[in-house]
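# An overview of the molecular structure
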Amino acid sequence: MKKKLEERNITWVEVDSAGTSNYHIGGKADYRTMESGRKHGIDLSSHRGRQFTPDDFWVFDQIYAMDIENYSDIVRLASNEEQIKKVHLILNELQPEANLSVPDPWFGGERDFEKVFFMLDQACDVIVDKLILEEKA
């Protein structure tokens with residue numbers, strides 16, 4: 001997402017990444033994720049894991065979850081309906097209301113990581129296009 005925003009000169013959007021569990025805090029991205037990113041011109045070497053917190057509802061206007069389990073975990077942290085409305089499944093950007101989860105490539109191979117990359121890449125294209133339309137409105 002950050003690369004797409006930079007390429008389109010969108011500077012008013014803040015992007016961050018967080019997990020819902022606490023076991024990757026401070027850790028680097030999986031080496032296969034970093035390799036997939038590198039193939040597509042994305043350097044993830046400085047990325048470190050952090051845990052989603054209720055404060056994120058105050059910082060971010062939109063929150064995207066990769067799967068239904070994480071979506072539910074995030075929604076449980078919301079303190080009101082307004083915060084819940086900020087949370088979306090990212091693949092709904094490609095197939096609205098389908099409520100599909102991004103498959104976890106962890107136990108797969110390089111092809112699985114590439115498949116996930118392309119899913120997220122397409123979803124991020126849709127999000128960026130929406131941001132541009134919102135800015136023009």
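Preceding this section is the structure that the text describes.
The structure reproduced in this document is the subject of the present report.

Quick look at the side chain of Asp30 now. Assignment of secondary structure puts Asp30 in the loop between helix H1 (2–7) and helix H2 (31–39). Residue classification places Asp30 among the buried positions, given a relative accessible area of 17%. There is a polar contact of 2.7 Å between the side chain of Asp30 and the backbone nitrogen of Arg32. Among all residues touching Asp30, those that are not within four sequence positions of it are Trp106 and Phe113.

Counted by the stated rule, this structure contains two aromatic pairs. On the numbers, 5.5 Å between centres and 85 degrees between planes, the contact of Phe117 with Phe118 is edge-to-face. Classification of Phe117 as buried rests on a relative accessible area of 15%. Here Arg32 stacks its cationic end above the ring of Trp106, 5.1 Å away from the centre of that ring.

The next point concerns the layout of surface pockets. Here the second largest pocket defines a volume of roughly 210 Å³. Forming the walls of the second largest pocket are Ile68, Tyr71, Ile84, Val87, His88, Leu89, Asn92, Glu93, Pro96, Glu97, Asn99 and Lys130. Those elements that provide at least two residues to the lining of the second largest pocket are helix H4 (68–77) and strand E2 (87–89). Class assignment of the residues belonging to the lining of the second largest pocket gives a composition of six nonpolar, three polar and three charged.

Turning to the nonpolar core, a few remarks are in order. Within the largest apolar cluster, eleven residues are counted, these being Leu5, Ile10, Ile90, Leu91, Val102, Val116, Leu120, Ala123, Ile127, Val128 and Leu131. If one sorts the elements of this core by residue count, helix H6 (residues 110–136) sits on top with six residues. Apart from the residues lying within four places of it in its own chain, the contact partners of Leu91 are Leu100, Ser101, Val102 and Met119.

Scoring rules and cut-offs
Starting from 1, residues in each chain are numbered consecutively following that chain's sequence as written. Per-residue local features of the predicted model are confined to residues with pLDDT of at least 70, and side-chain atom pairs are confined, for both listing and counting, to 80 or more; whole-chain, interface and lining totals are unaffected and use all residues. Hydrogens are left out, water is left out, and the side-chain values use all remaining heavy atoms of the structure. In DSSP terms, a helix is any run of H or I states spanning at least four residues, a strand is any run of E spanning at least two, and both are numbered starting from the N terminus. Any residue under 20% of the maximum accessible area for its type is buried, any over 50% is exposed, and the rest in between are partly exposed; the area is computed with a 1.4 Å probe on protein chains only. Throughout this description, a polar contact denotes any pair of N or O atoms lying within 3.5 Å of each other; where both atoms belong to protein, one of them has to be capable of donating a hydrogen while the other can accept it, and for residues adjacent in sequence the pair is counted only when both atoms sit in side chains. Contacts were defined at the residue level, with two residues in contact if any of their heavy atoms lie within 4.5 Å. Aromatic rings from Phe, Tyr and Trp, with only the six-membered ring used for Trp, were paired whenever their centres fell within 6.5 Å, and each pair was classed as stacked if the ring planes differed by under 30 degrees, edge-to-face if by over 60, and tilted otherwise. Charge-over-ring contacts are defined here by two conditions on Lys NZ or Arg CZ: a distance within 6 Å of the ring centre and an angle within 35 degrees of the ring normal. Any residue with an atom within 4 Å of a point lines the site, the site being either a cavity, points on a 1 Å grid over the protein atoms alone where a 1.4 Å probe fits but cannot get out, or a pocket, an open set with protein on both sides within 12 Å along at least 5 of 7 lines. Grid points are joined across faces, edges and corners, and a volume is the space filled by probe spheres set on the points. Residue type decides the class: Asp, Glu, Lys and Arg count as charged, Ala, Val, Leu, Ile, Met, Phe, Trp, Tyr, Cys and Pro as nonpolar, and the leftover types, Gly among them, as polar. By nonpolar core is meant a set of buried Ala, Val, Leu, Ile, Met, Phe, Trp, Tyr and Cys residues that side-chain atoms within 4.5 Å join together.

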